[in-house]
Amino acid sequence: MKSRTAYLYLLPVLIGFVVFTLGPVLASFYLSFTHYEIGAKPVFIGLGNYRELLQSHLFWQVTGQTFYYALLYVPASVAASLGLALLLEKKIRGLVFFRTVYFLPVVTSMVAAAIIWGWLYNGDIGLLNYLLSIIGISGPKWLQDPKWALPAIAIMSVWKNAGYNMMIFLAGLANIPNDYHEAARLDGASAWERFRKITLPLLSPVMFFVLVITTIGAFQVFEQTYVMTNGGPGTSTLTLSYYIWQTAFEFFNLGSSSALSYLFFLIVLLFTALQFRARKRWVYQA
Amino acid sequence: MKVPRLFFLFGVCCLAVLIGCGSKESIQNGKVHLKLVHFYLDQKDTWQHDVVEPFMKAHPNIEVEVEAVPFGLYTTKILSSAASGTPMGDVIVIDDWFGQELFRRNYTIPLDSFYHRDLNPDDFFTQFFTVWRKGNNANAPLMAMPAAGGVTALFYNKDLFDKANVKYPDSTWTYSDLLTAAKKLTNNASNPRDKTWGLLLDDGLFTGVDTYIYSNGGKILSDDKTHSAMMEPQTIAAVQSYVDLIQKEHVAPPPDPSQLLGQRFMLGHAAMMLHIDVAKTELKHATFRWDVAAPPKGVAGLMDRQNGQAFGITQTCEQPDSAWQLVKWVVTLPSKTGVNDLFNSAMPLYKPLAHSTEFLDGEPNCNRQALVAINNTGHVFTLITPGWQEWRDHGFTPNMQDMLAGRKSVQEGCAAIDRKINEVLARYRAPQ
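Residues numbered from 1 in each chain as written. Chains lettered and ligands numbered in written order. Predicted model: local features only at pLDDT ≥ 70, side-chain atom pairs only at ≥ 80, totals over all residues.

A. Inspection of the packing of helix α1 (residues 2–31) of chain A against helix α12 (residues 254–282) of chain A at higher detail. Residues and elements named next belong to chain A. Relative to each other, α1 and α12 sit at 110 degrees, their axes nearing to 8 Å. Compared by their axis directions, α1 and α12 come out roughly perpendicular. Both α1 and α12 take part in a crossing whose hand is left-handed. Where α1 approaches α12, its residues Ser 28, Phe 29 and Leu 31 are matched on the opposing element by Leu 254, Gly 255, Ser 258, Ser 261 and Tyr 262. A breakdown of the residues in the contact of α1 with α12 according to their chemical character gives four nonpolar, four polar and no charged. (Axes fitted to C-alpha atoms, helices over the stretch in contact; angles between N-to-C directions. Helix = DSSP H or I, 4+ residues; strand = E, 2+ residues; numbered from the N terminus. Parallel < 35°, antiparallel > 145°, perpendicular 65-115°, else oblique. Left-handed = near helix turned anticlockwise from the far one by under 90°. Contact = placed C-beta atoms within 7 Å. Nonpolar A, V, L, I, M, F, W, Y, C, P; charged D, E, K, R; others polar.)

B. Local environment of the packing of helix α7 (residues 146–174) of chain A against helix α9 (residues 191–219) of chain A. Residues and elements named next belong to chain A. Relative orientation of the contacting elements α7 and α9 amounts to 165 degrees, with a least axis distance of 9 Å. When the axis of α7 is compared with that of α9, the two are roughly antiparallel. The handedness of the crossing between α7 and α9 is right-handed. Residues Asn 165, Ile 168, Phe 169, Gly 172 and Leu 173 of α7 touch α9, and the partners they reach there are Leu 203, Val 206, Val 210 and Thr 214. Its residues assigned to classes, the contact of α7 with α9 comprises six nonpolar, three polar and no charged.

C. Summary view of the interface of chain A and chain B. Contacts between chain A and chain B engage 28 residues on the former and 31 residues on the latter. Every element with two or more residues in the side of chain A that touches chain B is listed here: α1 and α11 (240–249) of chain A. When residues in the side of chain A that touches chain B are grouped by element, the largest group, four residues, is from α1 of chain A. When grouped by side-chain class, the residues that make up the side of chain A that touches chain B number 15 nonpolar, ten polar and three charged.

D. Spatial organisation of the sheet that holds strand β6 (residues 152–157) of chain B. Residues and elements named next belong to chain B. Ordered by their spatial adjacency, three strands build an open sheet running β7-β6-β8, and the pairing between neighbours is antiparallel. Two strands bound the open sheet, and with one partner strand each, they are β7 (272–276) and β8 (290–293). Here the strands of the sheet are splayed against their neighbours by 30 degrees on average, with no regard to which way each runs. Pairing geometry for β6 and β8, over four bridges, is antiparallel. Paired with Tyr 156 across the bridge in β8 is Asp 291. (Pairing = 2+ DSSP bridges.)

E. How the structure looks around the nonpolar core. Within the largest apolar cluster, 177 residues are counted, with the highest numbers of intra-cluster contacts made by Phe 155, Leu 199, Phe 311, Leu 326 and Val 327 of chain B. Sorting elements by how many residues they give to this core places α7 of chain A first, with eleven residues. If sequence neighbours within four positions are ignored, Phe 311 of chain B has contacts with Val 91, Val 93, Ala 144, Met 145, Ala 147, Val 327, Val 330 and Val 331 of chain B. (Core = buried A, V, L, I, M, F, W, Y, C linked by C-beta atoms within 7 Å. Buried ≥ 20, exposed ≤ 12 C-beta atoms within 10 Å, placed from the backbone.)

F. Structural detail: the pairing of strand β2 (residues 31–38) of chain B. All names here are of chain B. The buried count for β2 comes to six of eight residues, which makes it a mostly enclosed element. When strand β1 (residues 27–28) meets β2, the two strands line up antiparallel, connected through two bridges. What sits directly across from Ile 27, in β2, is Val 32. Connecting β1 to the antiparallel partner β2 that follows it, the hairpin turn spans two residues, and Asn 29 within it adopts a positive phi of roughly 50 degrees. Pairing of β2 with strand β3 (residues 62–68) involves seven bridges; the strand directions are parallel.

Given below as structure tokens:
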């Protein structure tokens, strides 16, 4: 009787899970082996979509660009959020205010932020190039230049998301007992040594978590490229998520889009597995 | 015993959901019930007051329910419903860029018999009809009734023209006149904030570049739309002259994909732009004086791409005769009220509406007569093919941006576009 009641309570969630998560996951897996344009009947073509994608120059270009973005964004984002967390860990006046200010971009709409940053990056009348010109630097045409567009988007993303990881790092820092620092200080350890030998090792489990979710988030970049550059100039900021969306909802090719999604899933899975494998080498286990 | 019961309960819940999603009966209390679905969310009230209510008053036996869907979600919803075999409504608005996707799947019914029975083709700008016929073929069934058509217009900033003492454009202009004026209107200010350009170019989204290429003798697609025509000498020459406006003549800024379409013109940094005429709604709050003229004529005369909106009756509509009454009403709009707002001020294709003062004097006020007159002298073409968005977004636009920015030569860029168009079209021709 008790278990039946429990199942009853779980039923809404189970229905939601089956209808909105498990069902689409299984359906898209099947569709990835079909030629399926929205509205037409799916036709089974085996590995046709995968073969076509793996032979396509654009797929490899887009995958490369997604990796490049992750390479730019992940280290910068983790370093910025750790830096902010270390600064805001100190007991200073206005601590809550500063924490709120640095967290604000996280709760700001990505679309609004992307539009504002589009203006800041304007090659002719943008604030960024104006500030650079004050110190004698002629700024690039950020979003108009294929070489600079992806780094510019990565910089904007770091600004947007650093506050989130900062909060996680702050929680991690709060869990490090102060005794270790006091003992090290008494032994004459410098601030850098204490950071390297105490803070970093004890923060490494949190760092690992942040690294994994930030990497996954980097691979999923979509809104920034959609709003700021539409994948341009040329196709220089086309990333995997954008490519999947475009294939499904602009080109109406759900079969190919599903195959892309599973290739994307495999890439993320592989990368996450590698991170877990490397974990033992640098993550401190208490 | 418990598990089967659980499955039973699960089944009941699913059934309840399915029943909840079911459609209404087409006849209720002796009245025909129709559902009209459109994407004019901002004009929802206008649609209700100026279309639906007068229609129901004139047709007391028909009741119309309206669903306004945001434009960004509209195609996804329409095509998803097409995929599931449950159309969203009885009468739906269709935009030219996804119309053929629906027609290929017989999502709507042919309207030729209704059209020829109740309407006079002479009352319409029928040159816009091809894109609404199945397969984009002039002799194929009409799958949706065209209501509004977009034409390419030459927008110009009167303040900048007056400042440079340049005569306003008119319907006699050629592309040579455009270049001469653009040179006079481009200033050499060293401070980018004071810089004004003579012309703002479309970097490949078919909001002007297509008109330019076709008017100057080029073609993007072969006449039967089965192959690319990008490598034809006239096309290469037309693209070269377009690129030269930036790279050689320096009368237009390089492309900037981070800017909204037409943004530099809207901000008063460009004196002219070729753009689809609905852009005039964006200029309602412009801080400068502006107007529109017909696009210049090239060696091929004045060419314009077919686009716009039409209304279709879905395959599952149980009352097609009543639905046609609604379609006819929307397209001909007997009261004329609201004609300027209903389609974002795009030109009605029903001539009495296009020539009405309600449309010609509508807000924002500009020389709409010049745009309507294009229909008498211009020639329309269409670029819609199966997979056209793919060859545009992964072929035409990025390569056009590269050419305009000087990253690729015109020969290289056209060759890359040519390959992409042919690759996509070949895929759609191949049996699946």
